[in-house]
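Residue-level listing of the chains:
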Amino acid sequence: MTDAFTFILPTDIRYGKDITSELSSLLQERQIQQVLLVTDPGILKTPLVDKVIGYIKTAGAQVAVFSEVSPNPRDTEVSEGARLGKEANAQAIVAVGGGSPMDCAKSINVLMSLGKDSIKEFEGSGKVPGPLSPYFAIPTTAGTGSEVTWSSVINDTDNHYKMTIKSTYMAATVALVDPMLTLTVPPAITASTGMDALTHAIEAYTAKNANPISDALALQSIELICRSLVTAYRESDNLHARDEMMMGSLLGGMAFSHSDVASVHCMAEALGGSLDLPHGLCNSILLPYVMEFNAPAAINKFSHIAAAMGLDFQSESEGAEKAVGFVKDLAAKVELPQLKELAVTPDDFPQMAAIAMKNGSTPSNAREISETDYLNLFHKAYQA
Ligand SMILES: [Fe+2]
């Protein structure tokens, strides 16, 4: 029978057109007087931030804005955001943006709520001792699923690697998810965030901690993303494709929260952490090679992935092979570069392989993997 598992979902998910307007009543219900809004410099320039500030003010609350969030958020930015939040006596956090502001907001909330200064002491799983201030997430990309996950990936600027801080207390209190907000996302970001979402779903489905509920979420996520990513990339205002991508990202985020990500993310975080590259792009480059490596250990699951992609195949191994080919084609169709096109050389790979090996998600990979395997996979991706 099914192995024992638990499934919790700490976030109240509200999905639909103009759903962000519910922020006013959510703040009022909780009698929030002061909010810290976390975003990034790009989103800050868009009308969305003014709209969200309007919702906060309608609730009768004041707002302090922290927008100094990098694409790969840094520990120093977390400390600075928390300092601003504490200075403003913020009682809640609202994050507007992609994975970077949302991940940064989760870690800011840890420091702000607990009166701490450095996020490093919370690195790892389960180090946050108790409930934090209410946190409301408003995603503007279909990719990270950060609005429904309870982990935060932050760059350790002293040691130049990405650390993960994980606790269910860090999950958004409410996620306000409106696919309309993604209509203006530029094609390159649609591509990289979409490939990140697909990686979440594929890794969640094949990771060792997968359970039947995360499997159902992951397969549906794969189907939606594989059907709509190219359209969302080519026709930015195609609402049907944007809707499917947003839902795919959300389901993928829920899936990997309960299962895990695995070796693609371990390698991507090592690559992105040292070169400050977009997370989704790193995943996209490495995903097919890790799939190829993992397929023998979970061949039937890889054939299910092929079926979710809508592929025809006669045997499980043919399905797995076609799924790898599909991912390579997809990355090419959305015009993402290959590893050799980036500012990286094979001399960098041994250190990246060592960092990937130490990643907390390495043990979750479908197939046991060594540092040498990681090194070989980096070389394989480079030779493509
Ligand atoms: Fe990711």
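For clarity, every value in this text was computed on a predicted model and none was experimentally measured.

Engineer: Would you mind going over the sheet that holds strand β5 (residues 124-125) in detail, with residue names and values included?
Structural biologist: Strands sit in the order β5-β8-β7 across an open sheet of three strands; the sheet is mixed. Of all the strands in the sheet, just β5 and β7 (151-156) have a single pairing partner and so form its edges. Inspection of the sheet shows β5 paired to strand β8 (residues 161-166) by two bridges, in the parallel sense. Each bridged residue has a counterpart across the sheet, and for Gly124 the counterpart in β8 is Ile165.

Engineer: Please provide a residue-by-residue account of the domain arrangement of the protein chain, values included.
Structural biologist: Structurally, the protein chain comprises domain 1 (12-182) and domain 2 (187-383). Contacts between the two partners involve 23 residues from domain 1, matched on the other side by 29 residues from domain 2. For the side of domain 1 that touches domain 2, the secondary-structure elements that each account for two or more residues are β7 and β8. Here the element with the most residues in the side of domain 1 that touches domain 2 is β8; it accounts for three residues. In the side of domain 1 that touches domain 2, the residues fall into eight nonpolar, 13 polar and two charged.

Engineer: So what's going on with helix α12 (residues 316-333)? Which residues, and what values?
Structural biologist: With 18 residues, α12 should reach 26 Å at 1.5 Å per residue; the first-to-last C-alpha distance of 25 Å fits that figure. Here α12 has its buried residues at Gly319, Ala320, Ala323, Val324, Val327, Leu330 and Ala331. Seen end-on, α12 carries its buried residues on one side only, within an arc spanning 140 degrees. Opposite the buried face of α12, at more than 90 degrees from it, the exposed residues are Asp329 and Ala332. In this structure, the buried side of α12 is in contact with α6 (187-206), α7 (212-234), α10 (279-294) and α11 (299-308).

What counts, and at which threshold
Residues numbered from 1 in each chain as written. Predicted model: local features only at pLDDT ≥ 70, side-chain atom pairs only at ≥ 80, totals over all residues. Pairing = 2+ DSSP bridges. Helix = DSSP H or I, 4+ residues; strand = E, 2+ residues; numbered from the N terminus. Domains from an automatic or database assignment. Contact = placed C-beta atoms within 7 Å. Nonpolar A, V, L, I, M, F, W, Y, C, P; charged D, E, K, R; others polar. Expected span 1.5 Å × (residues − 1). Buried ≥ 20, exposed ≤ 12 C-beta atoms within 10 Å, placed from the backbone. Arc of directions from axis to C-beta.

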